[in-house]
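Here is how the chains run, residue by residue.
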Amino acid sequence: MSGADDLARRRLRLGMVGGGEGAYIGGIHRFATRLDNAFELVAGAFDVRAERGHAFAESIFVARDRSYDDFTAMVEGEKNRPDRIDAVAICTPNHTHFPIAKAFLEAGFDVICEKPMTTTLDDAIALHELAKATNRFVGVTYTYCGYPMIHQAQAMVARGDLGAIRVVQVEYPLEWMASAIEAQGNAQAAWRTDPKLSGRGGSVGDIGTHAYHLAGFVTGLKAQSLCADLATFVPGRLLDDNAHVMIRYEGGARGLLWSSQVAIGCSNGLRLRVFGEKGSLSWWQEEPNTLSYTRLSGAPEIIKRGREDLDPSAKVRTRTPPGHPEGYIAAFANLYAGFAEAIRARRETRAPSEIGMNVPTSADGLKGVAFVDAVVDSHEAKGCWLTPRFV
Ligand code: NAI
């Protein structure tokens, strides 16, 4: 494996599993890795069908001898190379995250894993424990904590600008699965509606996990208990496509989380509102460069990304000057910049700089899976209040 000196003179070498031709999130990962020049993509098993994977590898200039038939061959092929990959990005459907992450961790690689981290809580616990036992880094791509204004919101809550938090409203409505597109050849919808491939949660696993993570990230609150009502509106669908979850947080704050895949008119409507005893904050993913802040008895203030007086955690994640919009790719790149710094800092046995701190890891992935588990259990128990096993 490469020593610290070598690492200081080169980009991190990344491999990717999934993310081949026609896939969604793998391409976003590739954009994100390029923005800071922190990673180079040198290997992959890009598709569940090997030949398609090889053709895709060729199209993005990954060498043929590092395009693998599957992830097992990739582990074997990479592990003894002097120029082996430093980390693997797992961009496959949910049910494959655990076996792929486990294989790479056991071979000593760092891992960047899509959410939800696993499809079962047992697997999530095992993966988190394995990350600790192997002393490897596991980053989980909770995209939305990459936005600078989310870090600004977190800093404002932490320094008491809102006072004690009373109410947390978070919603993640999407429209794209409002009809049975899974039965009409939509590959992304097909695996998302299959419990064997997606896990116990439908909308709640796919996007509710993002909302839950974001609410906890900004407020720092831990859920004490939750009560869920799931619905499946599209006939024939096997998993929820709409979830309402009431959350009681430690300290008495109340939360309400809505995730929906059938919310016609909502493209990517992730929205967070936090209300405290002295003020409130509101952020919407479709307008991510601003944060609305209102003090008790005050007029709403619009805080804009890029200002000099923002928190250092927001400034370090800001790329373009005020007024030049940043968005999704930049937020995803901030996660990758953080992962790169976290990986380097570990190898060099030093503390990470600001960008490498506060990045989502397997501990957050575990909490997300525990949330899905508790939500489905609560719903199946006719809406009884339950405590997630990890918060
Ligand atoms: P997709 O269906 O568009 O792509 C999946 C890709 O994985 C395909 O290229 C497929 O051939 C490949 N694949 C499947 N099994 C494989 C295996 N065993 N080995 C190698 N390749 C394999 O899926 P999508 O929408 O890109 O989602 C992938 C993951 O990313 C999911 O876990 C999903 O929850 C997550 N996701 C995360 C987002 C975020 O904001 N962080 C947004 C969208 C998806």
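Conventions adopted
Residues numbered from 1 in each chain as written. Predicted model: local features only at pLDDT ≥ 70, side-chain atom pairs only at ≥ 80, totals over all residues. Near = placed C-beta within 6 Å. Helix = DSSP H or I, 4+ residues; strand = E, 2+ residues; numbered from the N terminus. Nonpolar A, V, L, I, M, F, W, Y, C, P; charged D, E, K, R; others polar. Domains from an automatic or database assignment. Contact = placed C-beta atoms within 7 Å. UniProt positions renumbered as here; feature names shortened; annotations may be inferred. pLDDT = per-residue confidence, 0-100. Pairing = 2+ DSSP bridges.

### Looking at the site of the ligand
Thinking step 1. Lining the immediate environment of the ligand, one finds 26 residues, of which Gly 18, Gly 20, Ala 23, Tyr 24 and Glu 114 sit closest.
Thinking step 2. Elements with a contribution of two residues or more to the shell around the ligand: β1 (12–18), α2 (25–35) and α8 (187–192).
Thinking step 3. Along the lines of polarity and charge, the residues of the shell around the ligand split into eleven nonpolar, ten polar and five charged.

### Describing the domain arrangement of the protein
Thinking step 1. As assigned here, the protein comprises domain 1 (4–143 + 357–361) and domain 2 (147–319 + 366–380).
Thinking step 2. Contacts between domain 1 and domain 2 engage 18 residues on the former and 17 residues on the latter.

### Quick notes on the UniProt feature "domain: GFO/IDH/MocA-like oxidoreductase" (unreviewed entry) in the protein
Thinking step 1. When the UniProt feature table is mapped onto this chain numbering, "domain: GFO/IDH/MocA-like oxidoreductase" (unreviewed entry) sits at residues 151–281.
Thinking step 2. Overall, residues 151–281 shows 27% helix and 32% strand. The separation of its end C-alpha atoms is 12 Å.

### So, the confidence of the model for the protein
Thinking step 1. Per-residue confidence for the protein gives a mean pLDDT of 97, with 99% of residues at or over 70.
Thinking step 2. The complex model carries a pTM of 0.98, and its ipTM stands at 0.99.

### Points about the pairing of strand β12 (residues 290–295)
Thinking step 1. Pairing analysis gives four bridges linking strand β11 (residues 279–284) to β12, with the strands arranged antiparallel. In the strand pairing of β12, Ser 280 is matched with Thr 294.
Thinking step 2. Adjacent in sequence and paired antiparallel, β11 and β12 are bridged by five residues.
Thinking step 3. Here β12 pairs with strand β13 (residues 301–304) via four bridges, running antiparallel. The residue bridging Thr 290 from the neighbouring strand is Lys 304, located in β13.
Thinking step 4. A loop of five residues connects β12 with β13, the two strands running antiparallel in sequence, and Ser 297 in this loop sits at a positive phi of about 65 degrees.

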